Amino acid sequence: MGDMPSSLSVFLRGRHRRSYTPISMSISEPHTFNDGRWSISSRSDKLGTTISEVEQCSVIGEGDDGGLDGWMTVFGGFLIQAATMGHVNAFGVYEDYYKRVYLSEESSSLISWIGSTQLSLLFGLGIVAGVLFDQGRFKFQMYTSTLLYILCNFILSLAKPHQFYQLFLSQGLGMGLAMGLIYSPSFSVISHHFRRRRSFAMGIVAGGAAIGAIFQTIMLNYLFESLGFQSAIRANASLNACMLIIACFTIKCRPRMVKPEEERRNKSCLNVLSFFREAGYMIVIAGGVVINLGLFFPAVYIQLFSFNKGFPRTFSFYSLAILNASSVLGRVLLPVIADHHDPLLVLIPICFSVGVSMFAFLAVSSIAGDAIVAAVFGFFSGAYSALLAPTMSSMSKSEGEIGARMGIAITFAAISCLAGPPINGVLLGNEYTWSKPIIFSGACIMLGCICLVVAKYYHTTEVSAATASSASSEISHFRKDENSSTISGQN
């Protein structure tokens, strides 16, 4: 049999162009094509095999890591985090104000259901948001969530005192749904623009949650005292609306070359089902669920904690701001280490430090002690939150899995986010026995840390096994090709 020419149609995306340029080549002899980022080699096709198309989705080259669109996307993600997770992290202000003024007849546990519902929906919609993101519907998510968030935030200002259901429906349910649609995609979209510095870029985005919590905490505390609830909420809603609208115009998604809808959907289902067979991935999720039972105790109760300890009112108002300010450093600095090491390996000692600092709240008896413990806890808890997205990303086998993997992990985390603050509220009781929720929260974090250690072992084993299997497959394929070439030559 003589050499039979084959056709190679390659779609290459230019460095600074959004269009795809088709390039056709006829290959009958060994040939190599290289444009600096692609390297496509072909042997002489003696058996007449046809190579019809090479597809690549959102390829990021070394010189393409970031760019103007990339950093504008980081800025937009930062604003989304400030308006969503930043607002959730400021719920301690609401908890304190509702307990003292607006819902004074209700228990701390009942009031905390507003914040826990908001937080659980922010995480719980992760799997839906992740699948929509992987299907290329990020802009739809962005515009829908922005509209719903702004509407519910302004409706919150109309809620009347001692009307729990009005606060719950607008703040807990409505705003929680809006946040859930966009929270995890604001991290996933970073993968469109960054590879080498992905953890650093995601750390900056996560820093928006801490920065947002700082100014939202100070703003709400000041406006509640000076303007009252309704005017304070309207001012805060206007700020959140501005941030989300700006984010709509700054975030850029790279175009993707995708297969037909049905085939893509089937492939997505198969990949999602395969995630649940990965022991390392599932143990990380289990660890995150346990950790979240205690992780948000300070964010919800630290302002009430400081006030109840008899510390000055001014300091109590700023205790949550201190925690969130130190969280900024943890979210931005420590993820840099994960760019050079396995993110899961970096996450383990950070999680242990979060648990230790949680137990340190038991020894707080002065303003200085409260400030130091809050700062240390904020630093390590911020780093933990920032490294979750890079950890899920590092466990993905392809770029197309990142959104779904993060969505699944965040959805499971929603379970404990919903239950954690109310459980702490029940343990706290009307007598304000602070040792019970602190010990419970610290124990949950330490148990979750153990899960992460076990997950690291299983993940390393799975990667080693996959690498060995891939190498064996390549060797077998190479030998088969050689035998086929020999038979063809003899004919």
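What counts, and where the lines are drawn
Residues numbered from 1 in each chain as written. Predicted model: local features only at pLDDT ≥ 70, side-chain atom pairs only at ≥ 80, totals over all residues. Heavy atoms only, no water. UniProt positions renumbered as here; feature names shortened; annotations may be inferred. Helix = DSSP H or I, 4+ residues; strand = E, 2+ residues; numbered from the N terminus. Buried < 20%, exposed > 50% of the residue type's maximum accessible area, 1.4 Å probe, protein only. Areas by Shrake-Rupley, 256 points an atom, 1.4 Å probe, with all protein chains shown as cover. Expected span 1.5 Å × (residues − 1). Bend = angle between axes of the 7 residues up to and from the residue. Contact = heavy atoms within 4.5 Å. Salt bridge = Lys/Arg side-chain N within 4 Å of Asp/Glu carboxyl O. Phe/Tyr/Trp six-rings, centres within 6.5 Å; stacked < 30°, edge-to-face > 60°. Lys NZ or Arg CZ within 6 Å of the ring centre and 35° of its normal.

The name recorded for the protein in an unreviewed UniProt entry is MFS general substrate transporter, from Sistotremastrum niveocremeum HHB9708. Per UniProt, the comment on the protein under Sequence similarities (unreviewed entry) is "Belongs to the major facilitator superfamily. Monocarboxylate porter (TC 2.A.1.13) family." In UniProt, the protein has this text filed under Subcellular location (unreviewed entry): "Membrane".

Some thoughts on the overall build of the protein
Counting secondary structure elements, the protein contains 19 helices and four strands. By residue count, 52% of the 491 residues in the protein fall in the buried class. If you sum the accessible surface of the protein, you get close to 20900 Å²; carbon and sulfur atoms cover 65% of it.

A look at unusual backbone geometry
For His162, which is not glycine, the phi dihedral falls at a positive 65°. Here His162 is to be found in the loop between α6 (138-156) and α7 (164-182). What makes His162 partly exposed here is its relative accessible area of 38%.

A look at α7
Compared with an ideal rise of 1.5 Å per residue, which puts 19 residues at 27 Å, α7 spans 26 Å between its outermost C-alpha atoms and is within 8% of the ideal. By the largest-angle criterion, Gly176 marks the main kink of α7, which is about 30°.

Quick word on the environment of Val346
Here Val346 is to be found in helix α16 (residues 343-359). For Val346, a relative accessible area of 12% translates into the label buried. C-alpha of Val346 to C-alpha of Tyr384: the two residues are 38 residues apart in sequence and 9.3 Å apart in space. The contact partners of Val346, leaving out residues within four places of it in the chain, are Ile337, Ala338, His341 and Leu387.

Quick word on the pattern of salt bridges
Inspection of every chain in the model, using the stated rule, returns five salt bridges. With a closest N to O distance of 3.2 Å, Asp96 and Arg100 form a salt bridge. You can see Asp96 and its partner Arg100 sitting in helix α3 (residues 91-102), four residues apart, about one turn around the helix. Note on Asp96: relative accessible area 1%, which makes it buried. With relative accessibility at 26%, the residue Arg100 sits in the partly exposed group. Taken together, the shared-partner salt bridges connect Asp96, Arg100, Glu225 and Arg313 into one network.

Digging into the packing of aromatic side chains
For the structure on display, the rule yields 25 aromatic pairs. Ring geometry for Phe305 and Phe361: centres 6.0 Å apart, planes at 85°, overall edge-to-face. With Phe305 in helix α13 (residues 297-308) and Phe361 in the loop between α16 and α17 (367-394), this pair connects stretches of sequence that are 56 residues apart. Since its relative accessible area comes to 4%, Phe361 is described here as buried. Ring centres of Phe379 and Phe380 lie 5.1 Å apart, and the angle between their planes is 85°; on these two criteria the pair is classed as edge-to-face. Taken together, the ring pairs in this structure connect Phe91, Tyr94, Tyr97, Tyr98, Tyr102, Phe224 and Phe229 into an aromatic cluster. For the cation-ring pair, Arg100 lies above Phe307, with the distance from its terminal atom to the ring centre recorded as 5.7 Å. Between Arg405 and the ring centre of Tyr281, over which it is positioned, the NZ or CZ distance is 4.9 Å.

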